[in-house]
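Residue-level structure breakdown
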Amino acid sequence: MTPRNPLDLRKFVAPEFICGYGALHLAGRYARNFGMKQVLLVTDPGVRAAGWAEAVGESLTEAGVSFTVFDSISVNPRSRQVMSGMEVYRSEECNGIVAVGGGSSMDCAKGIGIASSNMRDILTFEGVDRVPVPAPPLICIPTTAGSSADVSQFAIITDEERKRKIAIISKTLVPDISLLDPQPLTTMSRELTVDTGMDALCHAIEAYVSNASSPMTDMHALEAIRLIHDALPAVILEPEDLNLRFSTLLASLHAGLAFSNASLGAVHAMAHSLGGVCDLAHGRCNALLLEHVIPANYEAASEQYDRIGAIIGPVQGERTPPAEGIAAFRRSLGITGTLASVGVGEDAIQTLARRAYADPCMVTNPRRLTCEDIERIYAYAL
Ligand SMILES: [Fe+2]
C-alpha cells in the first residue's frame, strides 16, 4: 500500500443518529419533523412477528403520521422486491420512509427511496455516485448489530436475473436520522447475532486496512474491533443483556462510520459475489472468507494487521498472525463451515472470482489482486 499522507483531503459523511434505550419510540416525532404525512414502513416478517414494527407504527400513529407496511423482503433483498416496494410507495402516495429491520430491510428501503425519486430501475444505480435525484426522507431503526446500513452510504441489492449482488454507493443513501435502540436486538437468534457481528468485524477490519482510510476512520475501526472482540462472545451467552447488546450496537455504529467513509475490500467484494450465487447470510459469507483474504493482503498493510492481531488475540499457528486469531474467534462463536459445506463447488470459482474482481469494494483493497489471486483465495476457503 502506498504510504498514507495524513494531509490528504478526506470527506467524512455521517447521518444524525440517536442512540440509547427507547430510541425507537422517537420514530413518530422525527417523521413528523421531516414533514412525513404518509410513511412507507419497510420491515420484514420476522421483525414484524417480534413486535418491533408494531412498536414503531404506534409511535407514528401517536405523532399523527399515517403509514403503510411493506414487508415483502427476503434475506439479501432482490431488485424485484425493491421495485414492488416502489409501486406501493407511489400508489399509497407516501412522502417518507421508515425502515425497521436488519440490513436487508434498510437496503431495500434505500433502494425504494432512490428508485421512487428518480423513477428508474434500481439496477441502473450500480456503482459510485450514480444517483442524480436525492431520495425522500429516510429514518432507519436497526434491529441487528452489524450491517450498519443505518449509517452507511451503501446499499447492496441482488440482481436475481444475473444472480449477482450490486453495490450502490452514494451520499444520497445516508439516512436522515437513525434511531439506535438496544431493545430490538434482544430478539435476535444466536445465529443472526453471530453472523451480523462478524459482518461488523469485517467492516471494521476492511476499513482499517483500506487504501482510503484516514485518522478519523481508523479511530472508529479500532474501537469497533475492540468492542466486537469483547462483547460478541459475551452476548451470545446473555442475549437479553441490554448493556452487552448496546455494546454490539455501538460496535456496528463505529464500524459503519469507518467503512462508509473508507470503503471496504476483497472480503466484501468476494462475499457479494458469493451471496449472489448461494443465498447465504451476508455476514456468514464474510466470516468464511476473512481469514483467507488476510494472508494475500498482509504484506501491503502489515502494520495495520498486526495491530488488529494484538486486539483479536495472538494465536500461534502456521498462518499469518491475525488470520489465525480471527479463525479461532470465528470458531469460538460456532461458525465452523467452509464454502464447500454451504454448497460451493470448485467449478464455481472462476465465475465468482471474475465477479468479485469487478466489485467496487475491490478498488480500496490494500493490495491490487488479480483474478488468479482471487481464485486462489476462494480455493483456500473451500
Ligand atoms: Fe457487510
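Quick caveat, the model's predicted, so the values are computed rather than measured.

Points about the overall build of the protein chain
When helices and strands are tallied, the protein chain shows 14 helices and nine strands. At 20 Å, the protein chain has a C-alpha radius of gyration in line with the 21 Å of a compact globule built from 382 residues. Considering only C-alpha atoms, the protein chain reaches an extent of 60 × 45 × 40 Å along its principal axes. Per-residue burial over the protein chain gives 60% buried out of 382 residues. Taking the intrachain contacts of the protein chain between residues at least 6 apart in sequence as the baseline, contacts between residues at least 24 apart amount to 79%. Element-wise, carbon and sulfur atoms account for 51% of the exposed surface of the protein chain, whose accessible area totals about 15000 Å². One finds the centroid of the 31 positive side-chain charges in the protein chain at a distance of 4 Å from the centroid of its 43 negative side-chain charges.

Observations concerning the sheet that holds strand β8 (residues 164-169)
The strand order across the open sheet formed by three strands is β5-β8-β7, and the pairing between neighbours is mixed. Looking at the sheet topology across the chains shown, the edges are occupied by β5 (127-128) and β7 (154-159). Across the sheet, helix α5 (residues 103-118) lies against β7 and β8, angled at about 90° from β7, the strand it touches most.

Some words on the nonpolar core
Ranked by internal contacts, the top residues of the largest apolar core, which has 66 residues, are M270, L289 and Y378. Grouped together as the second largest cluster of nonpolar side chains are 28 residues, L40, M86, I97 and I112 included.

A word on the layout of surface pockets
Rolled over the atoms, a probe sized like a water molecule indicates the empty space that remains. Considered as a void within the structure, the largest pocket measures approximately 770 Å³ in volume. Along the walls of the largest pocket sit 42 residues, with G102, G103, S104, L192 and T196 positioned nearest its centre. Tallied by class, residues from the lining of the largest pocket come to 17 nonpolar, 20 polar and five charged. Taken as a whole, the second largest pocket holds about 350 Å³ of empty space. Lining the second largest pocket are 19 residues, and of these V128, Q153, I169, S260 and N261 lie nearest its centre. Counting residues per element, the lining of the second largest pocket draws most heavily on helix α8 (residues 242-262), at four residues. By residue class, the composition of the lining of the second largest pocket is ten nonpolar, five polar and four charged.

Overview of the side chain of D107
For D107, the position within the fold is in helix α5. Engagement of the side chain of D107 in a polar contact is seen with the backbone nitrogen of I156, the distance being 3.1 Å. Dropping the residues within four chain positions of it, D107 is found in contact with P77, A149, F154, A155, I156 and I157.

Let's talk about the environment of F17
As for its position among the elements, F17 is in strand β1 (residues 16-19). Looking at F17, the relative accessible area reads 30%, which means it is partly exposed. Along the backbone, F17 and I177 are 160 residues apart, and their C-alpha atoms lie at a distance of 5.3 Å.

Things to note about a nonpolar patch on the surface
On the surface, F12, M216 and M219 cluster together into a nonpolar patch covering about 280 Å² of accessible area. Structurally, the position occupied by M219 is in helix α7 (residues 215-235).

Topic: the sheet that holds strand β2 (residues 38-42)
Here six strands make up an open sheet; going across it, the order is β1-β9-β6-β4-β2-β3 and the pairing parallel. Since the sheet does not close on itself, it has two edges, and those belong to β1 and β3 (66-70), each with one partner. The sheet shows a mean angle of 20° between the axes of neighbouring strands, taken without regard to direction. In this fold helix α3 (residues 52-62) packs onto β2, β3, β4 (96-101) and β6 (138-142), with an angle of close to 150° to the strand it touches most, β4.

A closer look at the packing of helix α9 (residues 266-277) against helix α10 (residues 282-297)
Axis separation between α9 and α10 bottoms out at 9 Å; the angle between their running directions is 135°. Judged by the angle between their axes, α9 and α10 are oblique. Handedness of the α9/α10 crossing: right-handed. From α9, A266, V267, H268, M270, A271, H272, L274 and G275 reach across to α10, where they touch H282, C285, N286, L289, L290 and V293. Split into classes, the residues belonging to the contact of α9 with α10 amount to nine nonpolar, five polar and no charged.

A closer look at the pairing of β6
With respect to burial, β6 is a largely interior element, five of its five residues being buried. Side chains L138, C140 and P142 of β6 all project onto a buried face; the interleaved residues I139 and I141 project onto the opposite face, where all are buried too. Direction of pairing for β6 relative to strand β9 (residues 177-180): parallel, over a ladder of two bridges. Counted as the bridge partner of I139 is I177 from β9.

A word on the coordination of the iron ion
Only D199 (OD), H203 (NE2), H268 (NE2) and H282 (NE2) from the protein reach the iron ion as donors, at distances of 2.1 to 2.2 Å. For the iron ion, the four donor atoms in the first shell make angles of 86 to 172° at the metal, so the coordination geometry reads as irregular. In primary-sequence terms, the residues that donate to the iron ion follow D-x3-H-x64-H-x13-H. With a gap of 14 residues between them, H268 in helix α9 and H282 in helix α10 connect regions that are remote in the sequence.

Here is what the cut-offs are and how they apply
Residues numbered from 1 in each chain as written. Predicted model: local features only at pLDDT ≥ 70, side-chain atom pairs only at ≥ 80, totals over all residues. Heavy atoms only, no water. Helix = DSSP H or I, 4+ residues; strand = E, 2+ residues; numbered from the N terminus. Rg over C-alpha atoms; globule rule 2.2 N^0.38 Å. Buried < 20%, exposed > 50% of the residue type's maximum accessible area, 1.4 Å probe, protein only. Contact = heavy atoms within 4.5 Å. Areas by Shrake-Rupley, 256 points an atom, 1.4 Å probe, with all protein chains shown as cover. Lys, Arg positive; Asp, Glu negative; His and termini not counted. Charge placed at Lys NZ, Arg CZ, Asp CG, Glu CD. Pairing = 2+ DSSP bridges. Axes fitted to C-alpha atoms, helices over the stretch in contact; angles between N-to-C directions. Core = buried A, V, L, I, M, F, W, Y, C linked by side-chain atoms within 4.5 Å. 1 Å grid on protein atoms, 1.4 Å probe; cavity = no way out; pocket = protein on both sides within 12 Å on 5 of 7 lines; lining within 4 Å. Points joined across faces, edges and corners; volume = space filled by probe spheres on them. Nonpolar A, V, L, I, M, F, W, Y, C, P; charged D, E, K, R; others polar. Polar contact = N/O pair within 3.5 Å; in protein donor to acceptor, adjacent residues only side chain to side chain. Patch = residues over 30% accessible without salt bridge, like charges linked within 9 Å, V, L, I, M, F, W, Y side chains within 5 Å. Salt bridge = Lys/Arg side-chain N within 4 Å of Asp/Glu carboxyl O. Parallel < 35°, antiparallel > 145°, perpendicular 65-115°, else oblique. Left-handed = near helix turned anticlockwise from the far one by under 90°. Donors = N, O, S within 2.8 Å, 3.2 Å for Na, K, Ca; no water. Tetrahedral: all angles 85-135°; square planar, octahedral: opposite > 155°, others 65-115°.

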